[in-house]
Amino acid sequence: MARIEPTHGTDGAADAGEGARRAHGRRKAVRYAVPVAVAGVAAASIGIGTALASSGDPDLPKISAQDLIAKAAQSDTQQLSGTVKVTTDLGLPSLPSGLSLGDAPAGGKAGHGSGGKDAGADTSPQAKLTELASGTHTLRVAADGPDKQRLSIVERAAEYSMIRNGDQVWAYDSKSNTVHHSTAPKGAHGGKEAPQELRGASPQELAKKTLAAVGDSTSVTVDGTAKVAGRDAYQLVLKPKAAETTVGAVRIAVDAKTGVPLKFTLSPKGGGKAVVDAAFTKVDFGKPGADTFDFKPPKGAKVTEDKADGQGGKEHKAGPGKDAGAPDLSGMNVLGKSWTSIAELKAPGGMGAGAKGAKDAGPAGALIDGLGSKVSGSFGSGHVFSTRLVNALVTDDGKVYVGAVTKDALIKAASK
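Cut-offs used in this document
Residues numbered from 1 in each chain as written. Predicted model: local features only at pLDDT ≥ 70, side-chain atom pairs only at ≥ 80, totals over all residues. Heavy atoms only, no water. Helix = DSSP H or I, 4+ residues; strand = E, 2+ residues; numbered from the N terminus. Buried < 20%, exposed > 50% of the residue type's maximum accessible area, 1.4 Å probe, protein only. Contact = heavy atoms within 4.5 Å. Areas by Shrake-Rupley, 256 points an atom, 1.4 Å probe, with all protein chains shown as cover. Arc of directions from axis to C-beta. Core = buried A, V, L, I, M, F, W, Y, C linked by side-chain atoms within 4.5 Å. Pairing = 2+ DSSP bridges. pLDDT = per-residue confidence, 0-100. Axes fitted to C-alpha atoms, helices over the stretch in contact; angles between N-to-C directions. Salt bridge = Lys/Arg side-chain N within 4 Å of Asp/Glu carboxyl O.

J.: I tried to follow the overall build of the chain on my own but got confused; where do I start?
T.: A count of helices and strands for the chain gives 8 helices and 18 strands. Looking at the chain residue by residue over its 416 residues, the buried ones come to 37%. In the chain, 56% of the contacts between residues at least 6 apart in sequence involve partners at least 24 apart. Approximately 22,200 Å² of the chain is accessible, and the part contributed by carbon and sulfur atoms is 53%.

As structure tokens, this is what we get:
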């Protein structure tokens, strides 16, 4: 593989009259200094740090795709802090008037539907992190080993923070001044992985899950270098070979020194902007201050206790796996593998009611009628719901087939 060469920025426009009166060396310096200065001012004016105002990609020693994958997989960085920008664009359809994603079907309790300011509000980490499924979000992250992590979702006038310090796990919503407290399960203390609520949104975790799918089904290449958060990185590109997948490519920027994934970009096969783009805008691999992981409920805050077994305390509304209207994952079956994996599971209550029962299925039935496209096969009939990446088939007899695959692949799976 040829050595990766840096890409230099193009010449900016110099003052022709001024340049004519100066020596060649002076003229060359001005020619390069002007666009660099302008770029720096522009970057600062929109809040992008000097880390992104780089002129050209770094010149790094060549590395094979296989070695770069191994470098990322072997990275065991335990301490870091920084800021992550996450943008997700699944192309979710607009909901019918009067409905929200928080509305629960078949008499279930609503999550964030109509009502008062905090009516039905769920401040648990599981509920909050679903907001990352769309739009652009800024996260502040910090870690000091497996027992100390902090992730904050920074909003315009509020902040939602999740903190783990030892076996204590806290979630605080400054907007509603509510706290969700739980204790890490026995045996989790000292483990290598943080609770799921503190993982999943970072470039490292996204890259880890994707690299696990690398095999004969994936074309892997090193596509140059990049500067991410002021650090030199290699760009690893993964392209699925299967025709049935809706994933076009995944690009991962891997830190040249530590092997830590600094940026993760997933593009759909249909083209257009990325479905998921998560990248560090600032990162520091030094030890965070100990007080970063300290937390004490503010005065007057409403505290919800959640036991380790998922059964809540007095204020608890629903533990993991107990949400009204949520899919029953206990009987989930995975069909296929790698990029063409399809999850088969039971439909949430109120869905899969069939044409006759759609009117009586509540909000879920309205969603089926208003958003799904009718399909049929040897399995019977159902509706397909599509996004730019994930498609789901809900059959009239109450089964769900979902995956980053085409509609035809779902119908084929349901017909077996």
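That covers the picture; the talk isn't over yet.
J.: Explain helix α3 (residues 65-74) to me, please; I cannot follow it from the model alone.
T.: Count 3.6 residues to each turn of an α-helix, and residues three or four apart come out pointing the same way. Every buried residue of α3 is accounted for by A65, L68, I69 and A72. Looking straight down α3, one finds its buried side chains confined to an arc of 100 degrees; they lie on one side. Every exposed residue of α3 that faces more than 90 degrees away from the buried side is listed here: Q66 and Q74. Next to the buried residues of α3 lie α5 (203-211), β7 (218-228), β8 (231-240) and β9 (247-255).

J.: I tried to follow the nonpolar core on my own but got confused; where do I start?
T.: Proteins that are soluble and globular tend to have nonpolar side chains buried together. Core analysis: the biggest nonpolar cluster contains 46 residues, and L236, V250, I252, F264, L266 and F280 have the highest contact counts within it. It is β9 that contributes the most residues to this core, 5 residues altogether. V375, L393, Y401 and V405 belong to the second-largest nonpolar core, a separate cluster that totals 12 residues.

J.: Looking at this structure, how should I read the pairing of strand β14 (residues 342-346)?
T.: As a general feature of sheets, a regular strand has side chains that alternate between the two faces. The element β14 is largely enclosed, with a buried count of 4 among its 5 residues. In terms of strand pairing, β14 meets strand β18 (residues 399-403) through 4 bridges, oriented antiparallel. Note on β18: the bridge partner recorded for A343 is V402.

J.: Hey, could you run me through the confidence of the model for the chain in this one?
T.: The predicted structure's coordinates, where accompanied by low pLDDT, should not be read in detail. When pLDDT is averaged across the chain, the result is 74; 63% of the residues are at 70 or more. Low confidence marks residues 1-55, where pLDDT is under 50. Its contacts with residues over four positions away, or in another chain, come to 33 contacts.

J.: I'm lost on the sheet that holds strand β11 (residues 276-284) in this one. Help?
T.: Strand pairing in a sheet relies on backbone hydrogen bonds. The paired strands run either parallel or antiparallel. Overall, mixed pairing links the 12 strands, which are arranged β7-β8-β9-β10-β11-β1-β2-β3-β4-β5-β6-β12 in an open sheet. Each having just a single partner strand, β7 and β12 (302-306) make up the two edges of the open sheet. This sheet shows a mean twist of 15 degrees between the axes of neighbouring strands, independent of strand direction. In the sheet, β9 pairs with strand β10 (residues 261-268) via 7 bridges, with the strands oriented antiparallel. When the sheet's bridge partners are listed, A249 is paired in β10 with S267. Against the sheet, α3 contacts β7, β8 and β9, and its axis sits at roughly 70 degrees relative to β7. With respect to the sheet, α5 is in contact with β1 (79-88), β8, β9, β10 and β11, its orientation differing from that of β10 by roughly 60 degrees.

J.: Any chance you could explain unusual backbone geometry here in plain terms?
T.: Generally, phi is negative for residues other than glycine and the peptide bonds are trans, each holding for most cases. Positive phi, normally seen in glycine, also occurs at N177, with a value near 55 degrees. By secondary structure assignment, the location of N177 is in the loop between β5 (168-173) and β6 (178-183). Although it is not a glycine, A229 adopts a positive phi angle of roughly 55 degrees. Residue position: A229 is located in the loop between β7 and β8. On the basis of relative accessibility, which here comes to 10%, the residue A229 falls in the buried class.

J.: What am I meant to see in the pattern of salt bridges here?
T.: Working definition: two side chains of opposite charge can pair if their charged atoms are close together. In total, this model carries 9 salt bridges according to the counting rule given. With a closest N to O distance of 3.6 Å, K273 and D89 form a salt bridge. Here the residue K273 occupies a position in the loop between β10 and β11, and D89 occupies one in the loop between β1 and α4 (125-129), the gap between them amounting to 184 residues. Note that R251 is salt-bridged to D223, the shortest N-O span being 2.8 Å. In this pair, R251 sits in strand β9 while D223 sits in strand β7, placing the two residues 28 residues apart along the sequence. R251 sits in the partly exposed class, given a relative accessible area of 30%. Overlapping salt bridges bring together D89, K273 and R388 as one network.

J.: Help me understand the environment of W339, please; the structure alone is not making it clear to me.
T.: Tracing the chain through its elements places W339 in the loop between β13 (328-335) and β14. Taking the relative accessible area as the measure of exposure, W339 reaches 12% and is therefore buried. Here the alpha-carbon distance between W339 and V405, two residues 66 residues apart in the chain, equals 7.9 Å.

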